[in-house]
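Chains, contacts and geometry: an overview
So the chains spell out like this:
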Amino acid sequence: MTFDRVWLDANLCTMVAREGDPLGVIEDGAIAARDGHIAWVGRRADLPADATTTTQCDGAWILPGLIDCHTHLVYAGDRAREFEMRLEGASYEAIARAGGGILSTVRATRAADEAALVAAALPRLDLLLAEGVTTIEVKSGYGLELETERRMLRAARRLAGLRPVSLQTSLLAAHAVPPEFAGDADGYARHVAEDILPAIAAEGLADAVDGFTDSVIGFDLAQTRLVFEAARRAGLPVKLHADQLRDDAGAALAARHGALSADHIEYANAAGIAAMAHAGTVGVLLPGAFYFIRETHLPDIAAMRAAGLRLALATDLNPGSCPAPSLLLMLNMGCTLFRLTVAEALAGVTRHAAAALGLSDRGMLAPGLRCDLALYGISRPAELCYWIGRNPCLGRVVAGA
């Protein structure tokens with residue numbers, strides 16, 4: 001048996017759960033790659049052949065390349081002034097209703113050309129890659145009209161050509177009601193469904209369609225259904241920002257439409273959680289946003305565990321509610337704020353994050369999957385959740401390279 005490359009003298013956290021070992025640990029292990037995929041994984045003593053290229057890992061831990069399954073990586077400007085306003089007592093909702101919030105980023109993003117969007121996003125992307133991230137989802141949603149939404153998605157696609165990373169895009173035109181449709185959320189939802197979404201789908205710029213369901217500052221259930229039905233007609237899977245600030249039955253709506261994921265879900269009720277689990281919809285927890293906007297209503301983790309809901313973790317990197325380009329920080333926050341176990345948190349940035357993007361070819365160290373690896377100088381996997389502000393990543397492997 002011949003391999004392109006072998007990594008030796010490594011401890012493996014395969015994320016292939018076994019009885020009594022949810023992390024699938026293999027000590028003194030090896031991984032072999034061929035044609036960009038994992039060809040063999042196991043104990044070094046059992047390695048069946050040598051390779052042209054061998055990498056000695058000196059006892060480092062290897063995990064599947066980390067996956068950030070919810071980001072708003074591409075945007076222009078910042079919202080530091082709004083941060084000051086919140087410290088002075090203004091609420092996130094009050095700022096949004098006054099024309100700030102998402103709409104302030106919309107103004108800055110509409111004014112930026114594609115090159116400027118790429119240049120602004122690259123430093124944020126590099127911070128994530130430096131931590132061992134190999135797959136990233138990027139949403140639009142700061143254009144709220146066809147040309148800027150298209151420009152954002154094109155900028156996201158360009159990033160994958162500038163850095164070694166696998167990138168997924170989501171059309172989030174149903175993020176907020178733009179000034180042109182002020183007071184007419186119904187009309188804008190129809191515009192997204194009938195004009196923006198079909199045009200973006202025809203150009204192949206989006207891998208999925210997302211929306212923001214919220215009865216005060218987002219879209220109601222009927223408006224969201226309109227967008228989801230258009231996505232189905234275009235052959236695109238759906239995702240949903242759901243139940244972040246109140247229980248709007250978003251989790252149940254996501255489940256009814258077979259959504260890949262419902263994200264935030266701090267206020268999701270037990271019935272909606274159970275419906276998600278039954279539908280196979282992944283729950284994406286975003287503890288950074290919870291922390292940054294000083295939310296106090298914790299997600300019902302007990303109900304999620306009881307339902308067998310798969311839980312992912314992501315940065316929600318964005319300028320308004322989570323300016324945090326660190327997935328390792330989210331591991332710590334998921335454990336400290338939401339009381340996830342180490343195994344739950346690590347599954348949340350590997351195999352469950354892959355499921356949240358509809359990607360079955362990554363998220364674990366197993367033969368046949370993409371050879372996306374993250375190498376860390378740690379003594380045990382729990383350190384990835386334990387440290388605050390430390391990055392022990394030694395390097396990444398993307399599709400075997």
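Residues numbered from 1 in each chain as written. Predicted model: local features only at pLDDT ≥ 70, side-chain atom pairs only at ≥ 80, totals over all residues. Heavy atoms only, no water.

Let me state the cut-off plainly: UniProt positions are given in the numbering used here, feature names are shortened, and annotations may be inferred rather than shown by experiment.
Under the annotation held in an unreviewed UniProt entry, the protein chain carries the name Imidazolonepropionase and is attributed to Falsiroseomonas selenitidurans. Quoted verbatim from the Function (unreviewed entry) field of the UniProt record, the comment on the protein chain reads "Catalyzes the hydrolytic cleavage of the carbon-nitrogen bond in imidazolone-5-propanoate to yield N-formimidoyl-L-glutamate. It is the third step in the universal histidine degradation pathway." What UniProt states about the protein chain under its Catalytic activity (unreviewed entry) heading is, verbatim, "4-imidazolone-5-propanoate + H2O = N-formimidoyl-L-glutamate".

**As for unusual backbone geometry**
Note the threshold: Helix and strand definitions follow DSSP, with helices as H or I runs of at least four residues and strands as E runs of at least two, each counted in order from the N terminus.
Of note, the phi angle at Asp243 is positive, near 55°, even though the residue is not glycine. Considering the arrangement of structural elements, one finds Asp243 in the loop between strand S10 (239–242) and helix H8 (250–256). With phi around 65°, Arg339 is a residue other than glycine that occupies positive phi space. Within the secondary structure layout, Arg339 lies in the loop between helix H12 (327–338) and helix H13 (342–348).

**A closer look at the side chain of Asn11**
As a reminder, the rule being used: In the analysis that follows, any N or O atom pair within 3.5 Å is treated as a polar contact, provided that within protein one partner can donate a hydrogen and the other can accept it, and provided that, for residues neighboring in sequence, both atoms belong to side chains. Every residue pair with non-hydrogen atoms within 4.5 Å of one another is taken to be in contact.
One can find Asn11 in strand S1 (residues 3–13). Within the local environment of Asn11, its side chain forms a polar contact with the backbone nitrogen of Asp28, the two atoms lying 3.1 Å apart. Reaching out from Asn11, the side chain makes a polar contact with the backbone oxygen of Gly59 at a distance of 3.2 Å. What Asn11 contacts, discounting residues up to four positions off in sequence, is Ile26, Glu27, Asp28, Gly59, Ala60, Trp61 and Ile62.

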